[in-house]
Amino acid sequence: MKFYAADQYQPACERLFNQWRVAIQHQLPEARVEHIGASSIPSAISKGDLDIFVGVPALQHEEAVARLVELGFQEKRNTLRTPELCMLESKQDDDVALQVVANGSEFEDFLTFRDTLRANPQLVQTYNALKRACEGFEQDDYRERKARFVEQVLSSSAGL
């Protein structure tokens, strides 16, 4: 696992996000399309990938997933899949993932996590330290440690 400093990947991710945002909103005009993940958080280190939140009305969730598949995405294997959440990944070689979320569901936590870190540079430094400590780890070990950190942040922000 290798991580990049924000200035090494964030400008490219922002450009890529803007391109995909236009395409997604053309396909799903009713969707909320937001930049999430480390690439959306100032000073956050990252593997250099791009995560996009696509919020849709709950009754349109499955249709939205199908329309995004038509746009060139596929369901990401070995990830949580519910009627309110589907994770997709680009079939192109651009390392883009979509989190297709039913509006108002618990999975809007992707936004809460992003906003909490944006508001707290100290948390970003803690997040970066966790990632640096995981360099060389297997993907599953990294994901487990990252998940614990995310849960702690979300638990703390729930009390605010």
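Structure: see above.
About the criteria used
- Residues numbered from 1 in each chain as written.
- Predicted model: local features only at pLDDT ≥ 70, side-chain atom pairs only at ≥ 80, totals over all residues.
- Heavy atoms only, no water.
- Pairing = 2+ DSSP bridges.
- Helix = DSSP H or I, 4+ residues; strand = E, 2+ residues; numbered from the N terminus.
- Axes fitted to C-alpha atoms, helices over the stretch in contact; angles between N-to-C directions.
- Contact = heavy atoms within 4.5 Å.
- Core = buried A, V, L, I, M, F, W, Y, C linked by side-chain atoms within 4.5 Å.
- Buried < 20%, exposed > 50% of the residue type's maximum accessible area, 1.4 Å probe, protein only.
- Disulfide = S-S within 2.5 Å.
- Expected span 1.5 Å × (residues − 1).
- Parallel < 35°, antiparallel > 145°, perpendicular 65-115°, else oblique.
- Nonpolar A, V, L, I, M, F, W, Y, C, P; charged D, E, K, R; others polar.
- Salt bridge = Lys/Arg side-chain N within 4 Å of Asp/Glu carboxyl O.

### Quick word on the sheet that holds strand β1 (residues 32-36)
As summarised here, the arrangement of the five strands in space is β1-β2-β5-β4-β3, forming an open sheet in which the pairing is mixed. Because the sheet does not close on itself, it has two edges, and the strands there are β1 and β3 (73-75). Between one strand and the next, the sheet's axes are offset by a mean angle of 30°, whatever the strand orientation. Packing against the sheet, helix α2 (residues 61-70) makes contact with β2 (50-56), β3, β4 (85-90) and β5 (96-102), and its axis sits at approximately 160° to β5. Contacts from helix α3 (residues 109-118) reach β1, β2, β4 and β5, with the element oriented near 45° to β1.

### Re the nonpolar core
Formed by 39 residues in total, the largest nonpolar core has its most connected members in Ile 52, Val 54 and Leu 98. Of all elements in the fold, only α1 (6-27), β2, α2, β4, β5, α3, α4 (121-133) and α5 (139-158) reach the threshold of two or more residues within this core.

### Digging into the state of the cysteines
Counted under the stated rule, the structure contains zero disulfides. Cys 13 takes part in no disulfide bond, and the closest cysteine sulfur to it belongs to Cys 134, at a distance of 19 Å. Accessibility expressed as a relative area gives 1% for Cys 134, which makes it buried.

### Concerning the environment of Val 101
If you trace the backbone, Val 101 turns up in strand β5. Overall, Val 101 belongs to the buried group, its relative accessible area being 0%. Residues Val 101 and Gly 37, 64 residues apart in the sequence, show an inter-C-alpha distance of 15 Å. Setting aside residues no more than four positions away along its own chain, Val 101 makes contact with Phe 53, Val 54, Gly 55, Val 56, His 61, Glu 84, Leu 85, Phe 107, Glu 108 and Phe 110.

### Focus: α1
Taking 1.5 Å per residue, 22 residues should reach 32 Å; α1 reaches 30 Å between its end C-alpha atoms and fits that length. Residues of α1 that are buried in the fold lie against β1, β2, α2, β3, β4 and β5.

### Some remarks on the packing of α3 against α5
Put simply, α3 and α5 touch, their axes get as near as 10 Å, and they point 80° apart. As summarised for this structure, α3 and α5 are arranged roughly perpendicular, according to the angle between their axes. Across the interface between the two elements, Asp 109, Thr 112, Phe 113, Thr 116 and Leu 117 from α3 touch Phe 149, Val 150, Val 153, Leu 154 and Ser 157 from α5. The residue makeup of the contact of α3 with α5, split by class, is six nonpolar, three polar and one charged.

### Observations concerning the pattern of salt bridges
According to the stated counting rule, one finds eight salt bridges in the structure shown. The partner of Glu 108 in a salt bridge is Arg 32, with the nearest N and O atoms 2.4 Å apart. Of this pair, Glu 108 sits in the loop between β5 and α3 while Arg 32 sits in strand β1, and the two are 76 residues apart along the sequence. Of the residues examined, Glu 108 reaches a relative accessible area of 22% and is grouped as partly exposed. Accessibility expressed as a relative area gives 29% for Arg 32, which makes it partly exposed. Residues Glu 62 and Arg 81 are paired through a salt bridge, measuring 3.0 Å at the closest nitrogen-oxygen approach. Of this pair, Glu 62 sits in helix α2 while Arg 81 is found in the loop between β3 and β4, placing the two residues 19 residues apart along the sequence. Three or more residues are tied together by salt bridges with common partners; here these are Glu 34, Arg 114 and Asp 115.

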